[in-house]
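Descriptive structure summary
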Amino acid sequence: MIPIKQTVINIQPATHVRSTKGDSWLFAVSDEYLEEYDQKQALKHPQAKPGRNLNRKRQLEKYNGYKQELLYLAVKHKFVMPQGYFALWFYVPHPPSWRKKKIAEMLYKPHQSTPDWDNFIKAMFDALMPRRNRSKGQTGADDRLIHCGAIFKVWVLPDEACIKVVEYDQNDFMEAFKHGNPFYKGQADGHG
């Protein structure tokens, strides 16, 4: 397949962080309040993780910052997420704890450990195609419109971390996946 467009977004891929309406209170109070609250909770429940609420707030702040930066970079480069016929490449930096031998073994090889590829996608789509609430009059494209694509995650050096979106011609892309597709011409009569 020959790409018709390639977009490189120079940001380290991050994963989706699930949030609920119940998390909103974390942003309505100060960090100092959360520290005190967490200390009180630790006294009541010694088995609970210390600093749980403050850590949760920081996790959500980091995730929201990632989404804002990703959206900023996409707008800056006039990038619009395609609805199909693309490959997403998540270039994930190796952990700093890896020794030189392991880096040499794993560099540019498939990333086959956590985080899962779908969590990278969720974070990207949350940033670039947030779910719209039509009943509230919100407009725009969201990730429900995406119907096909190929996803890859690969180990790279820290300074090579990025997200690459490679777009293809519809016919060229579908040709690569024609086997097993009942809608592909010639497949139904056994000539696929």
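See above for the structure.
Values in this document were obtained by computation on a predicted structure and should not be read as measured data.

Definitions and cut-offs
Residues numbered from 1 in each chain as written. Predicted model: local features only at pLDDT ≥ 70, side-chain atom pairs only at ≥ 80, totals over all residues. Heavy atoms only, no water. Helix = DSSP H or I, 4+ residues; strand = E, 2+ residues; numbered from the N terminus. Buried < 20%, exposed > 50% of the residue type's maximum accessible area, 1.4 Å probe, protein only. Contact = heavy atoms within 4.5 Å. Areas by Shrake-Rupley, 256 points an atom, 1.4 Å probe, with all protein chains shown as cover. Salt bridge = Lys/Arg side-chain N within 4 Å of Asp/Glu carboxyl O. Pairing = 2+ DSSP bridges. Axes fitted to C-alpha atoms, helices over the stretch in contact; angles between N-to-C directions. Phe/Tyr/Trp six-rings, centres within 6.5 Å; stacked < 30°, edge-to-face > 60°. Expected span 1.5 Å × (residues − 1).

Okay, the overall build of the protein next. When helices and strands are tallied, the protein shows five helices and four strands. The linear arrangement of helices and strands in the protein, starting from the amino end, is β-α-α-β-α-α-β-β-α. A buried classification covers 31% of the 192 residues belonging to the protein. Considering only contacts within the protein whose residues lie at least 6 apart along the sequence, 82% involve residues at least 24 apart. Accessible surface computed for the protein: about 13000 Å², of which carbon and sulfur atoms make up 53%.

Let us look at the pattern of salt bridges. Following the criterion strictly, the structure yields three salt bridges and no others. Residue aspartate 31 pairs with lysine 57 through a salt bridge whose shortest N-O separation is 2.9 Å. Highlighted residues: aspartate 31 in helix H1 (residues 31–44) and lysine 57 in helix H2 (residues 52–76), separated in sequence by 26 residues. Overall, the relative accessible area of 24% leaves aspartate 31 in the partly exposed class. Given the relative accessible area of 6%, lysine 57 is considered buried. Across the salt bridge formed by lysine 122 and aspartate 118, the nearest N and O atoms sit 3.8 Å from each other. A residue pair is termed a helical-turn pair when its members lie 3 or 4 positions apart in one helix, as lysine 122 and aspartate 118 do in helix H4 (residues 117–128) at four residues.

Another aspect to go through is the sheet that holds strand E2 (residues 86–93). Spatially, four strands are ordered E1-E4-E2-E3 in an open sheet, and the strand pairing comes out mixed. Edge positions in the sheet fall to strand E1 (3–9) and strand E3 (150–156), since each has one partner strand and no second. Neighbour to neighbour, the strand axes of the sheet diverge by 15° on average, direction disregarded. Strand direction decides the pairing type here: E2 and E3, joined by seven bridges, are parallel. What sits directly across from alanine 87, in E3, is alanine 150.

Before going further, it helps to examine the packing of aromatic side chains. Following the criterion strictly, the structure yields six aromatic pairs and no others. Ring centres of tyrosine 168 and phenylalanine 173 lie 6.1 Å apart, and the angle between their planes is 35°; on these two criteria the pair is classed as tilted. Taken together, the aromatic side chains of Tyr85, Tyr168 and Phe173 make up a single cluster linked through ring pairs.

Take H2 next. Counted at 1.5 Å a residue, the expected span for H2 with its 25 residues is 36 Å, and the 36 Å between its end C-alpha atoms agrees. Buried residues along H2 sit in contact with E1, H1, H4 and strand E4 (162–168). The positive-phi residue at the C-terminal boundary of H2 is lysine 78, with phi of around 55°.

On to the pairing of E4, then. Taken across its seven residues, E4 has six buried, putting it largely inside the fold. Taken together, the six bridges between E1 and E4 define a ladder with antiparallel strand orientation. By the bridge assignment for E4, valine 8 is matched with lysine 164. Where E2 lies against E4, six bridges are found, and the strand directions are antiparallel. The residue bridging phenylalanine 90 from the neighbouring strand is isoleucine 163, located in E4.

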